[in-house]
Amino acid sequence: MIHINEVIVVEGKYDKEQLKKITDAPIICTYGFQLYRSPKIINSLRTLSKKRGIIVLTDSDRAGFRIRNYIKQCLGESANIKQAYIPAVKGKEKRKERAGADGLLGVEGIDEKTLEEILKKSAAATEIPLLSPVTKAEFYADGFTGRENSAELRRLLCREFSLPPGISANALLDMINKVFGAEEYRAAAAKIQAQIK
């Protein structure tokens with residue numbers, strides 16, 4: 001059981017049950033898109049982000065990204081929000097008859113060990129001193145933005161870091177700087193460059 005100070009935000013009750021197996025952190029459900037109709041949930045998240053900070057851990061599908069963006073938009077740039085991403089793994093949850101629209105496992109379907117690693121990295125993200133962050137200029141120079149094949153290169157980079165391929169370029173760079181650091185980034189970038197040559 002890992003201890004995390006922040007409040008973890010998930011989409012549904014099955015996600016919450018999966019997380020309760022590995023952490024004693026408080027967990028709040030958005031109940032999917034009910035979040036859009038519930039000022040109470042947003043107000044709670046705003047208060048909790050100020051008091052303890054929040055970690056948003058939604059599925060790696062389109063709905064999960066919409067929920068993440070909505071929370072970020074409502075709480076504002078100054079809110080204490082950390083993003084945790086599950087890898088894009090094809091499959092379906094045991095309790096469901098068929099896979100979701102994107103065909104990916106959600107939080108409830110990811111194994112406990114992987115979830116534990118994801119949460120540990122996200123919770124510690126602000127405590128990791130980086131010797132040198134990756135700049136937007138370096139990210140561009142390495143071809144991960146502004147080029148014809150940048151989306152494909154970012155997809156490969158996401159795979160190296162076990163992040164969902166749908167993550168935006170800015171969110172990817174932010175995650176690299178907060179969780180992985182410049183050294184791991186440069187090693188992954190070099191590996192990708194070697195693959196595509």
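Values in this document were obtained by computation on a predicted structure and should not be read as measured data. (Residues numbered from 1 in each chain as written. Predicted model: local features only at pLDDT ≥ 70, side-chain atom pairs only at ≥ 80, totals over all residues. Heavy atoms only, no water.)

Focus on unusual backbone geometry
Filter applied, for reference: Here a strand is any run of E in DSSP of at least two residues, a helix any run of H or I of at least four, and the numbering for each starts at the N terminus.
The backbone phi angle of Tyr31 is positive, close to 55°, even though this residue is not glycine. As for its position among the elements, Tyr31 is in the loop between β2 (27-29) and α2 (39-51).

Regarding helix α6 (residues 150-160)
For the record, the criterion: In this scheme, a residue with accessible area under 20% of its type's maximum is buried, one over 50% is exposed, and one in between is partly exposed, where area comes from a 1.4 Å probe on protein chains only. Any two residues whose heavy atoms approach within 4.5 Å at even a single point are treated as in contact.
If you check which residues of α6 are buried, you get Ser150, Leu153, Arg154, Leu156, Leu157 and Cys158. Structurally, α6 contributes buried residues whose contacts are with α5 (136-141), α7 (169-180) and α8 (182-196). Ser162 sits one or two positions beyond α6 and adopts a positive phi of about 55°.

A short note on the nonpolar core
The condition that has to hold: Only buried Ala, Val, Leu, Ile, Met, Phe, Trp, Tyr and Cys residues count toward a nonpolar core, and they belong to the same one when joined by side-chain atoms within 4.5 Å.
Of all hydrophobic cores here, the largest spans 24 residues; its most connected members are Phe139, Phe144, Leu157, Leu163, Leu172, Ile176 and Tyr185. If you list the elements that add at least two residues to this core, you get α6, α7 and α8. It is α7 that contributes the most residues to this core, seven residues altogether. The residues touching Leu163, leaving out its near neighbours within four places in the chain, are Tyr85, Ile86, Pro87, Cys158, Leu172, Met175 and Phe180. Grouped together as the second largest cluster of nonpolar side chains are 20 residues, Leu19, Ala25, Ala84 and Ile110 included.

What to know about the side chain of Thr23
Under the convention used in this document: Between N or O atoms, a polar contact is any pair within 3.5 Å; within protein, one atom must be a potential hydrogen donor and the other a potential acceptor, and residues adjacent in sequence are included only when both atoms are from side chains.
Looking at the element boundaries, Thr23 is found in the loop between α1 (13-20) and β2. What makes Thr23 buried here is its relative accessible area of 3%. Side-chain polar atoms of Thr23 contact the backbone oxygen of Ile2, separated by 2.9 Å.

Considerations on helix α3 (residues 62-75)
Condition: Expected span of a helix, by definition, is 1.5 Å for each gap between consecutive residues, and there is one gap fewer than residues.
Between its first and last C-alpha atoms α3 spans 20 Å; for 14 residues at 1.5 Å apiece the expected length is 20 Å, and the two agree. Residues of α3 that are buried: Gly64, Phe65, Ile67, Arg68, Tyr70, Ile71 and Leu75. Directly after α3, the chain includes Gly76, whose backbone phi takes a positive value near 90°.

Examining the packing of aromatic side chains
Note the cut-off: Here the aromatic set is Phe, Tyr and Trp, taking the six-membered ring for Trp, and pairing holds for ring centres within 6.5 Å; pairs whose planes are under 30 degrees apart are stacked, those over 60 apart are edge-to-face, and all others are tilted. Either the NZ atom of lysine or the CZ atom of arginine qualifies as a charge over a ring when it sits within 6 Å of the ring centre and within 35 degrees of the ring normal.
Enumeration according to the criterion identifies six aromatic pairs in this entry. For the pair Phe139 and Tyr185, a centre-to-centre distance of 6.0 Å together with 45° between the ring planes defines the contact as tilted. Highlighted residues: Phe139 in helix α5 and Tyr185 in helix α8, separated in sequence by 46 residues. For Tyr185, a relative accessible area of 0% gives the class buried. Between the aromatic rings of Phe144 and Tyr185, the centroid separation amounts to 5.9 Å while the plane-to-plane angle is 65°, which identifies the pairing as edge-to-face. In this pair, Phe144 is assigned in the loop between α5 and α6 and Tyr185 in helix α8, connecting sequence segments 41 residues apart. You can call Phe144 buried: its relative accessible area is 0%. Against the face of Tyr140 rests Arg147, its NZ or CZ located 4.7 Å from the ring centre.

Description of the environment of Gly166
With respect to the helices, strands and loops of the structure, Gly166 is situated in the loop between α6 and α7. Under the relative-accessibility criterion, Gly166 is labelled exposed at 54%. For Gly166 and Lys90, which are 76 residues apart along the polypeptide, the C-alpha to C-alpha distance reads 14 Å.

Comments concerning the environment of Thr30
For Thr30, the location among the structural elements is in the loop between β2 and α2. On the basis of relative accessible area, Thr30 is assigned to the buried category, the value being 0%. Along the sequence, Thr30 and Ile71 sit 41 residues apart, while their C-alpha atoms lie 9.7 Å from each other. The contact partners of Thr30, leaving out residues within four places of it in the chain, are Val9, Val10, Glu11, Leu35, Ile41, Ile67 and Ile71.

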